[in-house]
Amino acid sequence: MEGKKADVKGKSADIIMQFNRPEGVHHMESLLPKSVKRRVHALKRLQLQCANIEAKFYEEVHELERKYAALYQPLYDKRRDVVSGAVEPTDEECEWHSDREEEDLAEELKKKAAVEEKKEDSATTEDPKGIPDFWLTTLRSVDMLSDMVQEHDEPILKHLRDIKVKFSEPGQPMSFTLEFHFETNSYFTNAVLTKVYKMKSEPDEVDPFSFEGPEIIDCEGCQIDWHKGKDVTVKTIKKKQKHKGRGTVRTVTKQIPNDSFFNFFNPVKVSPEDPMDEDTELTLAADFEIGHFFRERIVPRAVLYFTGEALEDDDSFDEEELDEGEEEDNDEEGDEDEEEEYDPQA
(Lines give C-alpha, C1' and ligand atoms only; values in the text may rest on other atoms or scores of the structure.)
Protein backbone atom coordinates (compact mmCIF):
# COMPACT_ATOMS: atom_id res chain seq x y z
CA MET A 1 0.00 0.00 0.00
CA GLU A 2 2.82 2.37 0.92
CA GLY A 3 4.43 1.49 -2.38
CA LYS A 4 1.29 2.51 -4.28
CA LYS A 5 1.08 5.83 -2.41
CA ALA A 6 4.70 6.54 -3.13
CA ASP A 7 4.09 5.69 -6.77
CA VAL A 8 1.16 8.12 -6.98
CA LYS A 9 3.20 10.86 -5.29
CA GLY A 10 6.04 10.24 -7.67
CA LYS A 11 3.72 10.38 -10.67
CA SER A 12 2.18 13.66 -9.47
CA ALA A 13 5.63 15.13 -8.97
CA ASP A 14 6.58 14.12 -12.51
CA ILE A 15 3.43 15.81 -13.86
CA ILE A 16 4.20 19.03 -11.96
CA MET A 17 7.72 19.00 -13.39
CA GLN A 18 6.18 18.67 -16.86
CA PHE A 19 3.88 21.62 -16.08
CA ASN A 20 6.90 23.77 -15.32
CA ARG A 21 8.16 23.11 -18.81
CA PRO A 22 6.66 25.46 -21.45
CA GLU A 23 5.43 22.60 -23.60
CA GLY A 24 3.52 21.07 -20.69
CA VAL A 25 1.59 24.10 -19.47
CA HIS A 26 -1.61 23.41 -21.43
CA HIS A 27 -1.66 19.71 -20.52
CA MET A 28 -1.26 19.97 -16.75
CA GLU A 29 -4.86 19.27 -15.78
CA SER A 30 -5.37 16.48 -18.32
CA LEU A 31 -2.36 14.58 -16.95
CA LEU A 32 -3.42 14.70 -13.31
CA PRO A 33 -4.80 11.59 -11.61
CA LYS A 34 -8.59 11.63 -11.38
CA SER A 35 -8.61 12.13 -7.60
CA VAL A 36 -6.22 15.11 -7.83
CA LYS A 37 -8.14 16.61 -10.77
CA ARG A 38 -11.32 16.43 -8.69
CA ARG A 39 -9.68 18.49 -5.91
CA VAL A 40 -8.36 20.97 -8.45
CA HIS A 41 -11.93 21.47 -9.66
CA ALA A 42 -12.92 22.29 -6.07
CA LEU A 43 -10.13 24.90 -5.93
CA LYS A 44 -11.37 26.41 -9.19
CA ARG A 45 -14.84 26.82 -7.71
CA LEU A 46 -13.26 28.64 -4.78
CA GLN A 47 -11.25 30.78 -7.18
CA LEU A 48 -14.41 31.72 -9.07
CA GLN A 49 -16.05 32.81 -5.81
CA CYS A 50 -12.97 34.95 -5.11
CA ALA A 51 -13.29 36.54 -8.55
CA ASN A 52 -16.96 37.38 -7.90
CA ILE A 53 -16.08 38.98 -4.55
CA GLU A 54 -13.30 40.93 -6.27
CA ALA A 55 -15.83 42.20 -8.83
CA LYS A 56 -18.04 43.49 -5.99
CA PHE A 57 -14.99 45.16 -4.48
CA TYR A 58 -14.33 47.09 -7.71
CA GLU A 59 -17.99 48.10 -7.95
CA GLU A 60 -17.66 49.71 -4.52
CA VAL A 61 -14.38 51.34 -5.59
CA HIS A 62 -16.25 52.88 -8.54
CA GLU A 63 -18.87 54.25 -6.14
CA LEU A 64 -16.10 55.73 -3.99
CA GLU A 65 -14.54 57.34 -7.06
CA ARG A 66 -17.90 58.86 -7.93
CA LYS A 67 -18.37 60.11 -4.36
CA TYR A 68 -14.93 61.73 -4.18
CA ALA A 69 -15.22 63.15 -7.70
CA ALA A 70 -17.92 65.44 -6.28
CA LEU A 71 -15.46 66.60 -3.60
CA TYR A 72 -12.70 67.26 -6.13
CA GLN A 73 -14.95 69.14 -8.56
CA PRO A 74 -15.03 72.52 -6.73
CA LEU A 75 -11.21 72.53 -6.81
CA TYR A 76 -11.20 71.65 -10.53
CA ASP A 77 -13.72 74.44 -11.14
CA LYS A 78 -11.39 76.88 -9.37
CA ARG A 79 -8.52 75.60 -11.53
CA ARG A 80 -10.62 76.26 -14.64
CA ASP A 81 -11.40 79.81 -13.51
CA VAL A 82 -7.75 80.60 -12.80
CA VAL A 83 -6.61 79.12 -16.13
CA SER A 84 -9.23 81.08 -18.09
CA GLY A 85 -8.56 84.31 -16.22
CA ALA A 86 -12.09 84.50 -14.86
CA VAL A 87 -10.64 84.60 -11.34
CA GLU A 88 -7.38 86.17 -10.15
CA PRO A 89 -5.98 84.21 -7.20
CA THR A 90 -5.06 86.17 -4.06
CA ASP A 91 -1.48 86.67 -2.93
CA GLU A 92 -2.07 84.10 -0.20
CA GLU A 93 -3.37 81.55 -2.73
CA CYS A 94 -0.28 82.12 -4.89
CA GLU A 95 2.23 81.41 -2.11
CA TRP A 96 4.32 78.37 -3.01
CA HIS A 97 7.66 77.52 -1.49
CA SER A 98 10.20 76.13 -3.94
CA ASP A 99 13.96 76.35 -3.46
CA ARG A 100 14.68 75.20 -6.99
CA GLU A 101 11.77 76.63 -8.93
CA GLU A 102 13.81 77.38 -12.04
CA GLU A 103 15.33 73.90 -12.12
CA ASP A 104 11.90 72.33 -11.68
CA LEU A 105 10.56 73.96 -14.81
CA ALA A 106 10.52 71.77 -17.93
CA GLU A 107 13.07 72.74 -20.57
CA GLU A 108 10.32 73.54 -23.05
CA LEU A 109 8.78 76.08 -20.69
CA LYS A 110 12.16 77.71 -20.12
CA LYS A 111 12.56 78.24 -23.84
CA LYS A 112 9.03 79.58 -24.09
CA ALA A 113 9.72 82.00 -21.24
CA ALA A 114 12.90 83.19 -22.97
CA VAL A 115 10.97 83.89 -26.18
CA GLU A 116 8.35 85.83 -24.23
CA GLU A 117 11.05 87.90 -22.53
CA LYS A 118 12.51 88.86 -25.91
CA LYS A 119 9.07 89.94 -27.09
CA GLU A 120 8.64 92.08 -23.99
CA ASP A 121 12.03 93.72 -24.59
CA SER A 122 11.03 94.73 -28.12
CA ALA A 123 7.55 95.98 -27.24
CA THR A 124 5.58 96.58 -24.06
CA THR A 125 2.89 93.94 -23.71
CA GLU A 126 0.04 93.58 -21.26
CA ASP A 127 0.00 90.87 -18.62
CA PRO A 128 -1.56 87.77 -20.25
CA LYS A 129 -4.98 86.68 -19.06
CA GLY A 130 -5.07 83.51 -16.95
CA ILE A 131 -2.61 80.84 -18.07
CA PRO A 132 -2.40 80.89 -21.89
CA ASP A 133 -2.37 77.55 -23.75
CA PHE A 134 -2.68 75.61 -20.49
CA TRP A 135 -4.38 72.52 -21.89
CA LEU A 136 -2.53 72.61 -25.21
CA THR A 137 0.81 72.65 -23.37
CA THR A 138 -0.40 69.89 -21.04
CA LEU A 139 -1.39 67.63 -23.95
CA ARG A 140 1.84 68.41 -25.78
CA SER A 141 3.92 67.38 -22.75
CA VAL A 142 2.79 63.74 -22.81
CA ASP A 143 4.27 61.52 -25.51
CA MET A 144 1.18 59.41 -26.16
CA LEU A 145 -0.96 62.54 -26.51
CA SER A 146 1.52 64.80 -28.32
CA ASP A 147 1.62 62.29 -31.18
CA MET A 148 -2.10 62.88 -31.63
CA VAL A 149 -1.88 66.67 -31.71
CA GLN A 150 -1.09 67.96 -35.20
CA GLU A 151 0.00 71.48 -36.06
CA HIS A 152 -3.42 72.28 -37.52
CA ASP A 153 -5.04 71.18 -34.22
CA GLU A 154 -3.17 73.69 -32.09
CA PRO A 155 -5.20 76.84 -32.93
CA ILE A 156 -8.36 74.90 -31.98
CA LEU A 157 -6.94 73.48 -28.75
CA LYS A 158 -6.05 77.00 -27.66
CA HIS A 159 -9.82 77.36 -27.11
CA LEU A 160 -9.98 74.32 -24.77
CA ARG A 161 -11.17 75.63 -21.38
CA ASP A 162 -11.44 72.47 -19.30
CA ILE A 163 -11.42 68.66 -19.31
CA LYS A 164 -13.75 66.84 -16.91
CA VAL A 165 -14.38 63.22 -15.94
CA LYS A 166 -17.95 62.14 -15.17
CA PHE A 167 -18.69 58.75 -13.61
CA SER A 168 -21.83 56.71 -14.27
CA GLU A 169 -24.64 57.02 -11.76
CA PRO A 170 -25.56 54.24 -9.29
CA GLY A 171 -27.60 51.50 -10.93
CA GLN A 172 -26.26 52.33 -14.41
CA PRO A 173 -23.72 50.18 -16.29
CA MET A 174 -20.20 51.11 -15.22
CA SER A 175 -18.68 53.83 -17.43
CA PHE A 176 -16.96 57.19 -17.38
CA THR A 177 -17.23 60.17 -19.72
CA LEU A 178 -14.50 62.59 -20.73
CA GLU A 179 -15.86 66.10 -21.38
CA PHE A 180 -13.79 68.62 -23.34
CA HIS A 181 -15.18 72.12 -22.78
CA PHE A 182 -14.40 74.76 -25.43
CA GLU A 183 -14.97 78.48 -25.52
CA THR A 184 -16.81 79.91 -28.53
CA ASN A 185 -14.59 79.54 -31.59
CA SER A 186 -14.64 79.73 -35.39
CA TYR A 187 -14.04 75.98 -35.92
CA PHE A 188 -17.15 74.21 -34.59
CA THR A 189 -20.37 75.02 -32.78
CA ASN A 190 -20.09 72.42 -29.99
CA ALA A 191 -19.48 73.83 -26.52
CA VAL A 192 -18.58 70.35 -25.21
CA LEU A 193 -17.08 67.31 -26.98
CA THR A 194 -17.56 63.97 -25.22
CA LYS A 195 -16.06 60.49 -25.22
CA VAL A 196 -17.82 57.73 -23.24
CA TYR A 197 -15.87 54.67 -22.11
CA LYS A 198 -17.99 51.66 -21.20
CA MET A 199 -16.55 49.30 -18.62
CA LYS A 200 -17.05 45.76 -17.42
CA SER A 201 -16.31 44.63 -13.89
CA GLU A 202 -17.30 41.00 -13.69
CA PRO A 203 -15.61 37.72 -14.54
CA ASP A 204 -16.05 36.59 -18.13
CA GLU A 205 -18.32 33.56 -18.51
CA VAL A 206 -15.95 31.83 -20.93
CA ASP A 207 -12.69 32.76 -19.17
CA PRO A 208 -13.54 33.85 -15.59
CA PHE A 209 -9.98 33.53 -14.31
CA SER A 210 -8.72 36.26 -16.62
CA PHE A 211 -10.52 38.83 -14.46
CA GLU A 212 -8.13 41.44 -13.05
CA GLY A 213 -10.52 44.26 -12.31
CA PRO A 214 -12.62 46.67 -14.40
CA GLU A 215 -11.73 46.86 -18.07
CA ILE A 216 -12.85 49.18 -20.84
CA ILE A 217 -14.87 47.21 -23.38
CA ASP A 218 -16.18 49.90 -25.72
CA CYS A 219 -16.23 53.63 -26.33
CA GLU A 220 -18.43 56.17 -28.08
CA GLY A 221 -17.45 59.56 -29.42
CA CYS A 222 -19.63 62.43 -30.53
CA GLN A 223 -20.45 64.33 -33.69
CA ILE A 224 -18.45 67.50 -34.19
CA ASP A 225 -20.45 70.24 -35.92
CA TRP A 226 -17.69 71.85 -37.96
CA HIS A 227 -18.07 75.24 -39.60
CA LYS A 228 -17.76 75.08 -43.37
CA GLY A 229 -14.17 74.51 -44.47
CA LYS A 230 -12.89 74.13 -40.89
CA ASP A 231 -12.94 70.33 -40.50
CA VAL A 232 -9.32 69.36 -39.77
CA THR A 233 -10.08 65.61 -39.75
CA VAL A 234 -10.21 65.57 -43.56
CA LYS A 235 -8.06 67.09 -46.26
CA THR A 236 -8.81 67.89 -49.87
CA ILE A 237 -6.58 66.54 -52.62
CA LYS A 238 -6.61 67.11 -56.35
CA LYS A 239 -6.49 64.25 -58.81
CA LYS A 240 -5.94 64.27 -62.54
CA GLN A 241 -8.12 61.78 -64.40
CA LYS A 242 -7.37 60.72 -67.96
CA HIS A 243 -10.28 59.90 -70.32
CA LYS A 244 -9.94 56.30 -71.56
CA GLY A 245 -11.09 57.09 -75.07
CA ARG A 246 -10.11 60.66 -75.93
CA GLY A 247 -7.09 60.88 -73.65
CA THR A 248 -8.21 64.23 -72.27
CA VAL A 249 -7.36 65.05 -68.69
CA ARG A 250 -9.63 66.56 -66.05
CA THR A 251 -8.89 67.59 -62.47
CA VAL A 252 -11.18 66.49 -59.67
CA THR A 253 -11.00 67.08 -55.94
CA LYS A 254 -11.90 64.67 -53.17
CA GLN A 255 -11.64 64.51 -49.39
CA ILE A 256 -9.59 61.90 -47.56
CA PRO A 257 -9.05 61.31 -43.81
CA ASN A 258 -6.47 63.53 -42.16
CA ASP A 259 -4.45 62.94 -38.98
CA SER A 260 -5.90 65.03 -36.17
CA PHE A 261 -6.42 65.03 -32.42
CA PHE A 262 -10.13 65.36 -33.13
CA ASN A 263 -10.26 61.86 -34.63
CA PHE A 264 -10.26 60.89 -30.93
CA PHE A 265 -13.99 61.66 -30.95
CA ASN A 266 -14.66 59.27 -33.84
CA PRO A 267 -13.37 55.90 -32.55
CA VAL A 268 -13.33 52.65 -34.47
CA LYS A 269 -16.67 50.85 -34.23
CA VAL A 270 -16.80 47.07 -34.24
CA SER A 271 -19.67 44.63 -34.18
CA PRO A 272 -19.70 42.14 -31.28
CA GLU A 273 -20.55 39.41 -33.79
CA ASP A 274 -17.61 40.11 -36.10
CA PRO A 275 -14.06 39.08 -35.15
CA MET A 276 -11.57 41.96 -34.94
CA ASP A 277 -8.39 41.97 -36.97
CA GLU A 278 -5.07 42.70 -35.29
CA ASP A 279 -4.90 46.34 -36.43
CA THR A 280 -8.36 47.08 -35.03
CA GLU A 281 -7.49 45.43 -31.72
CA LEU A 282 -4.32 47.52 -31.43
CA THR A 283 -6.20 50.72 -32.33
CA LEU A 284 -8.88 50.08 -29.70
CA ALA A 285 -6.31 49.08 -27.08
CA ALA A 286 -4.45 52.35 -27.66
CA ASP A 287 -7.72 54.31 -27.47
CA PHE A 288 -8.67 52.63 -24.18
CA GLU A 289 -5.21 53.34 -22.77
CA ILE A 290 -5.49 57.03 -23.69
CA GLY A 291 -8.96 57.29 -22.13
CA HIS A 292 -7.69 55.70 -18.94
CA PHE A 293 -4.68 58.06 -18.92
CA PHE A 294 -6.92 61.12 -19.19
CA ARG A 295 -9.05 59.87 -16.31
CA GLU A 296 -6.28 58.73 -13.97
CA ARG A 297 -3.47 61.17 -14.72
CA ILE A 298 -4.20 64.19 -16.92
CA VAL A 299 -7.38 65.52 -15.30
CA PRO A 300 -6.32 65.03 -11.65
CA ARG A 301 -2.73 66.29 -12.15
CA ALA A 302 -2.99 68.73 -15.05
CA VAL A 303 -0.78 71.46 -13.57
CA LEU A 304 2.07 68.99 -12.99
CA TYR A 305 1.96 67.92 -16.63
CA PHE A 306 1.84 71.58 -17.65
CA THR A 307 5.05 72.30 -15.72
CA GLY A 308 6.64 68.96 -16.64
CA GLU A 309 7.02 67.78 -13.04
CA ALA A 310 4.64 64.84 -13.51
CA LEU A 311 6.76 63.57 -16.41
CA GLU A 312 9.73 63.05 -14.10
CA ASP A 313 7.67 61.10 -11.57
CA ASP A 314 5.45 59.26 -14.01
CA ASP A 315 6.56 55.63 -14.00
CA SER A 316 3.18 54.27 -15.09
CA PHE A 317 4.26 53.98 -18.68
CA ASP A 318 7.70 52.57 -19.46
CA GLU A 319 9.25 53.54 -22.74
CA GLU A 320 9.77 50.67 -25.12
CA GLU A 321 12.03 50.70 -28.12
CA LEU A 322 10.16 49.23 -31.02
CA ASP A 323 11.44 48.67 -34.51
CA GLU A 324 8.83 50.15 -36.78
CA GLY A 325 8.96 50.25 -40.55
CA GLU A 326 8.51 53.62 -42.10
CA GLU A 327 5.50 53.98 -44.33
CA GLU A 328 5.41 56.29 -47.27
CA ASP A 329 2.23 58.28 -47.61
CA ASN A 330 1.71 59.37 -51.18
CA ASP A 331 -1.08 61.67 -50.05
CA GLU A 332 1.12 63.51 -47.57
CA GLU A 333 0.58 66.85 -49.27
CA GLY A 334 -2.99 68.02 -49.59
CA ASP A 335 -2.45 69.67 -52.96
CA GLU A 336 -0.54 66.80 -54.57
CA ASP A 337 -1.73 65.89 -58.05
CA GLU A 338 -2.42 62.28 -58.99
CA GLU A 339 -3.22 60.88 -62.38
CA GLU A 340 -5.61 58.01 -63.08
CA GLU A 341 -7.83 56.81 -65.88
CA TYR A 342 -11.57 57.20 -65.69
CA ASP A 343 -14.47 55.74 -67.61
CA PRO A 344 -17.01 58.42 -68.69
CA GLN A 345 -19.78 55.78 -68.65
CA ALA A 346 -19.13 54.83 -65.04
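Criteria and thresholds
- Residues numbered from 1 in each chain as written.
- Predicted model: local features only at pLDDT ≥ 70, side-chain atom pairs only at ≥ 80, totals over all residues.
- Heavy atoms only, no water.
- Helix = DSSP H or I, 4+ residues; strand = E, 2+ residues; numbered from the N terminus.
- Expected span 1.5 Å × (residues − 1).
- Buried < 20%, exposed > 50% of the residue type's maximum accessible area, 1.4 Å probe, protein only.
- Phe/Tyr/Trp six-rings, centres within 6.5 Å; stacked < 30°, edge-to-face > 60°.
- Lys NZ or Arg CZ within 6 Å of the ring centre and 35° of its normal.
- Contact = heavy atoms within 4.5 Å.
- Pairing = 2+ DSSP bridges.

J.: Teacher, can you tell me more about helix H3 (residues 34-84) here?
T.: Structural remark: α-helix, 3.6 residues per turn; residues separated by three or four positions point the same way. Between its first and last C-alpha atoms H3 spans 70 Å; for 51 residues at 1.5 Å apiece the expected length is 75 Å, and the two agree. Within H3, the full set of buried residues consists of Ala-51, Ala-55, His-62, Ala-69, Gln-73, Tyr-76, Arg-79, Arg-80, Asp-81 and Val-83. At the exit of H3 stands Gly-85, carrying a positive phi of roughly 90°.

J.: What's the story with helix H6 (residues 134-141) in this structure? I'm lost.
T.: With seven of its eight residues buried, H6 lies for the most part within the structure. Listed as buried for H6 are Phe-134, Trp-135, Leu-136, Thr-137, Thr-138, Leu-139 and Ser-141.

J.: Where do I start with the packing of aromatic side chains in this structure?
T.: Aromatic ring pairs: the centre-centre distance and the angle between the two ring planes describe each pair. Going through the model one piece at a time under the given rule, you end up with 23 aromatic pairs. Plain terms: the ring middles of Phe-188 and Trp-226 are 5.5 Å apart, the flat faces sit at 80° to each other, and that makes the pair edge-to-face. Here Trp-226 lies in the loop between strand S4 (215-220) and strand S5 (234-243) and Phe-188 lies in the loop between strand S2 (175-182) and strand S3 (192-200), a separation of 38 residues in the sequence. Trp-226 gets classed as buried once you look at its relative accessible area, which sits at 19%. Plain terms: the ring middles of Tyr-197 and Phe-288 are 6.5 Å apart, the flat faces sit at 80° to each other, and that makes the pair edge-to-face. Note that Tyr-197 is positioned in strand S3 and Phe-288 in helix H9 (residues 278-298), a separation of 91 residues in sequence. Put simply, the rings of Phe-180, Phe-182, Phe-188, Trp-226, Phe-261, Phe-262, Phe-264, Phe-265 and Phe-294 pair up and form one aromatic cluster. For Lys-230, the ring lying beneath its charged end belongs to Tyr-187, and the centroid distance is 5.3 Å.

J.: Got a minute to help me understand the environment of Asp-204 in this structure?
T.: Within the element layout of this structure, Asp-204 appears in the loop between S3 and S4. Under the relative-accessibility criterion, Asp-204 is labelled partly exposed at 29%.

J.: Looking at this structure, how should I read the side chain of Ser-175?
T.: On the secondary structure map, Ser-175 appears in strand S2. Among the residues examined, Ser-175 registers a relative accessible area of 14% and is labelled buried. The contact partners of Ser-175, leaving out residues within four places of it in the chain, are His-62, Lys-166, Phe-167, Ser-168, Val-196, Tyr-197, Lys-198 and Met-199.

J.: So what exactly am I meant to see when it comes to unusual backbone geometry here?
T.: The bulk of non-glycine residues show a negative phi, and the bulk of peptide bonds are trans. In this structure, Asp-133 takes a positive phi of about 55° despite not being glycine. Here Asp-133 is to be found in the loop between helix H5 (107-122) and H6. Exposure remark for Asp-133: the relative accessible area of 21% places this residue in the partly exposed category.

J.: Help me out: how do you make sense of the pairing of S3 in this one?
T.: When a strand is regular, its side chains alternate between the sheet's two faces. Burial along S3 is one-sided: Leu-193, Lys-195, Tyr-197 and Met-199 are buried, and none of Val-192, Thr-194, Val-196, Lys-198 and Lys-200, which face the opposite way, are. Relative to S3, S2 runs antiparallel, the two being bridged by seven bridges. Note that in S3 the partner of Leu-178 across the bridge is Lys-195. Sheet analysis places S3 next to S4, joined by five bridges and oriented antiparallel. Residue Lys-198 lies in a different strand from S4, and its bridge partner there is Asp-218.

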